[in-house]
Amino acid sequence: MVDRPIREWNGLTIPDAGVYKLDDAHKRLGFLAQHMMVSPVRGEFARGNATIVVAEDPMRSSVTATIDTTSLTTHNADRDTHLSGADFLDVQRYPVISYRSTGVQWHQNNDEIFLWARLRNNPLSRRPNAAAVPAARPSGRFVVNGLLTIKDVTRPIDLNVEYGGARRDPYGRDIFGFSATADFEREEFGLVWNVLLDSGGFLVGKSVRIEIAGEAILETA
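Each helix and strand in the protein chain was counted, giving two helices and twelve strands. For the protein chain, the α and β elements follow one another from N to C terminus as β-β-β-β-β-β-β-α-β-α-β-β-β-β. Sequence separation of 24 or more characterises 62% of the internal contacts of the protein chain that already satisfy a separation of 6 or more.

Next comes the structure, spelled out in structure tokens:
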């Protein structure tokens, strides 16, 4: 028995086509915002699910996800109560955050920063050639375009995804791992509460970063 799905795409070992579900035991649905303009505060949602449909053509894959807003925690009871209330997520009226992908893009290793990294060890006194320039590793970076809905407001948002690889786990299940981040302006979703600081700036940062990590498991018939 092989220890991973056998499917190669552009130098990457990728999951076989099929429907994958986010593993509840290996996930983090988190966020980060600035407090007082100087320090990051992280939080997460304990409950959420995602379905990832891996297509035969990986670039036609899709994802849908929902998050239970009532499961929010920043590990501070007073802050959690405020974030869950009407000033922010208003979880009693809006118990779900949802995301639906609209497209997938692959980031190949042809960015200028990668080219610079490949050339920096070559002597400037001679013109680099194909043999002298180290071969680039296959990129596991993708951008997933999609629509994020918070408090019944929907806006486009792109997830920057780092693909972690695919294999077969000790229970014989086909899995793959990933992490993803995205930045958005919370006021665009009606999350406008804030306090202006005497020293300048705001009590709560307007930009929020999404931080997701997890494993997805192939559904079996």
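Before going further, it helps to examine the nonpolar core. Phe45, Ile52, Leu89, Leu148, Ile150, Phe176 and Phe184 are the most contacted members of the largest nonpolar core, which has 41 residues in total. Elements with a minimum of two residues in this core: strand 3 (18-35), strand 5 (48-54), strand 6 (62-68), strand 8 (96-107), strand 9 (141-150), strand 10 (153-168), strand 11 (174-185) and strand 12 (204-218). Those residues in contact with leucine 148 that sit more than four places away from it in its chain are Ile97, Ser98, Tyr99, Val153, Thr154, Arg155, Ile157, Phe184, Phe189 and Ile210.

Burial of strand 9 is extensive: eight of the ten residues sit out of reach of the surface. Of the pairings in the sheet, the one linking strand 8 to strand 9 comprises nine bridges and is antiparallel in character. Bridge pairing in strand 9 links tryptophan 106 to phenylalanine 142. Strand direction decides the pairing type here: strand 9 and strand 10, joined by ten bridges, are antiparallel. Bridging from a neighbouring strand, leucine 148 pairs with arginine 155 of strand 10. Connecting strand 9 to the next strand, strand 10, in antiparallel fashion are two residues, including lysine 151 with a positive phi near 55°.

Glancing now at the pattern of salt bridges. Pairing between side chains becomes possible if they bear opposite charge and their charged atoms approach one another. Within this structure, the stated rule accounts for eleven salt bridges. Close ionic contact of aspartate 169 with arginine 173 constitutes a salt bridge, the shortest N to O distance being 2.8 Å. Taking the relative accessible area as the measure of exposure, aspartate 169 reaches 10% and is therefore buried. Overall, the relative accessible area of 34% leaves arginine 173 in the partly exposed class. When salt bridges with common partners are traced through the structure, they connect Arg28, Arg42, Glu44 and Glu211 into a single cluster.

This part takes up unusual backbone geometry. Despite not being glycine, asparagine 10 has its phi angle at roughly 50°, a positive value. Following the sequence through the fold, asparagine 10 ends up in the loop between strand 1 (8-9) and strand 2 (12-13). For lysine 151, which is not glycine, the phi dihedral falls at a positive 55°. Judged by its relative accessible area of 15%, lysine 151 falls in the buried class.

Moving on, we come to the side chain of serine 61. As for its position among the elements, serine 61 is in the loop between strand 5 and strand 6. Side-chain polar atoms of serine 61 contact the backbone nitrogen of alanine 55, separated by 3.1 Å. Within the local environment of serine 61, its side chain forms a polar contact with the backbone oxygen of proline 58, the two atoms lying 2.8 Å apart. Each residue touching serine 61, except ones within four places of it in the same chain, is listed here: Val53, Val54, Ala55 and Val104.

Our focus in this paragraph is the packing of aromatic side chains. Inspection of the entire model under this criterion finds seven aromatic pairs. Centre to centre, the rings of phenylalanine 31 and phenylalanine 45 are 5.6 Å apart; their planes meet at 45°, and the pair counts as tilted. Placement of phenylalanine 31 in strand 3 and of phenylalanine 45 in strand 4 (residues 39-45) is noted, with a sequence separation of 14 residues between them. In this structure, phenylalanine 31 and phenylalanine 45 share a single accessibility class: buried.

Moving on: the side chain of aspartate 90. Within the secondary structure, aspartate 90 sits in the loop between helix 1 (77-84) and strand 8. The contact partners of aspartate 90, leaving out residues within four places of it in the chain, are Leu83, Ser84, Gly85 and Lys151.

With that settled, the discussion passes to helix 1. Residues of helix 1 that are buried include every one of Asp80, Leu83 and Ser84, and no others. On an axial view of helix 1, the arc spanned by its buried residues comes to 95°, and they lie on one face. Opposite the packed face of helix 1, turned more than 90 degrees from it, sit the exposed residues Asp78 and Thr81. Of the surrounding secondary structure, the elements contacted by the buried residues of helix 1 are strand 7 (72-73). At the N-terminal boundary of helix 1, the capping side chain belongs to asparagine 76, with an oxygen 3.3 Å from the backbone nitrogen of aspartate 78.

What counts as what
- Residues numbered from 1 in each chain as written.
- Predicted model: local features only at pLDDT ≥ 70, side-chain atom pairs only at ≥ 80, totals over all residues.
- Heavy atoms only, no water.
- Helix = DSSP H or I, 4+ residues; strand = E, 2+ residues; numbered from the N terminus.
- Contact = heavy atoms within 4.5 Å.
- Core = buried A, V, L, I, M, F, W, Y, C linked by side-chain atoms within 4.5 Å.
- Buried < 20%, exposed > 50% of the residue type's maximum accessible area, 1.4 Å probe, protein only.
- Pairing = 2+ DSSP bridges.
- Salt bridge = Lys/Arg side-chain N within 4 Å of Asp/Glu carboxyl O.
- Polar contact = N/O pair within 3.5 Å; in protein donor to acceptor, adjacent residues only side chain to side chain.
- Phe/Tyr/Trp six-rings, centres within 6.5 Å; stacked < 30°, edge-to-face > 60°.
- Arc of directions from axis to C-beta.

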